[in-house]
Amino acid sequence: EMSNGDFAGPPLGKDVSLEERSQTYLKWVRDLVPHMSDAEFQKHLVPKYKLWEQRLCASPDGDFFVPLREGKASIVTGHIKTFDERGILMESGEYVECDIVAAATGLNLHSNAPMADMQVSVDGKPYVASEHRIFRDCMISDVPNF
């Protein structure tokens, strides 16, 4: 569970339910982009999964939202069909001209999740991530007591 000191978001007490925590967080983010319509906010900044059940990328100082508020940046949400020298063609048919494309999520993922660089074996057999299923980053199929 996240403590209030883990990020500079809305103040949350220890006894706050997951639903209250989620609503407080979304309200905090919503307040950072007052110019954005409710439909845009829902499309671009509200995840399709329940908050805290998957990784959540946060902007600790809210600085991600400054260029959005100033009209110097925009968000495009969707699936990329292709790139060319001027921008991105989305699956929807929308063409987005851009000077720079950051082709990364910002998360550094290891190919041997969740063991990273550790060499782990179970019953003498090396652990290979692609041969296992991971549930909520704490239970791994065929790996006891992880």
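Here, every reference points to the structure presented above.
No experiment lies behind these values; they were computed from the predicted model shown.

Draft legend 1. Structural view of the environment of Val33. As for its placement among the helices and strands, Val33 is situated in the loop between helix H1 (18-32) and helix H2 (38-45). In the structure, Val33 is positioned 35 residues away from Leu68 in sequence and 7.3 Å away in space, judged by C-alpha atoms. With near-sequence residues (within four places) excluded, Val33 lies in contact with Phe41, Leu45, Phe65, Leu68 and Arg69.

Draft legend 2. Expanded view of the packing of aromatic side chains. Considering all chains together, one arrives at two aromatic pairs under this definition. When the centroid spacing of 5.2 Å and the interplanar angle of 90° are considered together, the rings of Phe64 and Phe65 count as edge-to-face. For Phe64, a relative accessible area of 49% translates into the label partly exposed. Take Phe65: its relative accessible area is 6%, and that puts it in the buried class.

Draft legend 3. Molecular detail of the nonpolar core. In terms of nonpolar packing, the biggest core is built from 13 residues, with Val29, Val33, Phe41, Leu45 and Phe65 touching the most fellow members. Of all the secondary structure elements, the ones that give two or more residues to this core are H1 and H2. Excluding residues that lie within four positions of it along the chain, Phe41 makes contacts with Leu26, Val29, Arg30, Val33, Met36 and Val46. Counting six residues, the second largest nonpolar core, distinct from the first, contains Tyr127, Ala129, Ile140 and Val143.

Draft legend 4. A look at the pattern of salt bridges. For the coordinates displayed, the defined rule picks out five salt bridges. For Asp38, the salt bridge goes to Arg30, with nearest N and O atoms at 2.9 Å. The class for Asp38 is exposed, based on a relative accessible area of 58%. Exposure remark for Arg30: the relative accessible area of 19% places this residue in the buried category. Glu70 is the partner of Lys72 in a salt bridge, and the nearest nitrogen-oxygen pair spans 3.4 Å. Looking at Lys72, the relative accessible area reads 66%, which means it is exposed.

Draft legend 5. Spatial organisation of a nonpolar patch on the surface. Judged by side-chain polarity, Ile80, Phe83 and Val101 come together as a nonpolar surface patch covering roughly 250 Å² of accessible area. By the element assignment, Val101 lies in the loop between strand S3 (95-97) and strand S4 (121-122). A relative accessible area of 35% places Val101 in the partly exposed class.

Rules of the game
- Residues numbered from 1 in each chain as written.
- Predicted model: local features only at pLDDT ≥ 70, side-chain atom pairs only at ≥ 80, totals over all residues.
- Heavy atoms only, no water.
- Helix = DSSP H or I, 4+ residues; strand = E, 2+ residues; numbered from the N terminus.
- Contact = heavy atoms within 4.5 Å.
- Phe/Tyr/Trp six-rings, centres within 6.5 Å; stacked < 30°, edge-to-face > 60°.
- Buried < 20%, exposed > 50% of the residue type's maximum accessible area, 1.4 Å probe, protein only.
- Core = buried A, V, L, I, M, F, W, Y, C linked by side-chain atoms within 4.5 Å.
- Salt bridge = Lys/Arg side-chain N within 4 Å of Asp/Glu carboxyl O.
- Patch = residues over 30% accessible without salt bridge, like charges linked within 9 Å, V, L, I, M, F, W, Y side chains within 5 Å.
- Areas by Shrake-Rupley, 256 points an atom, 1.4 Å probe, with all protein chains shown as cover.

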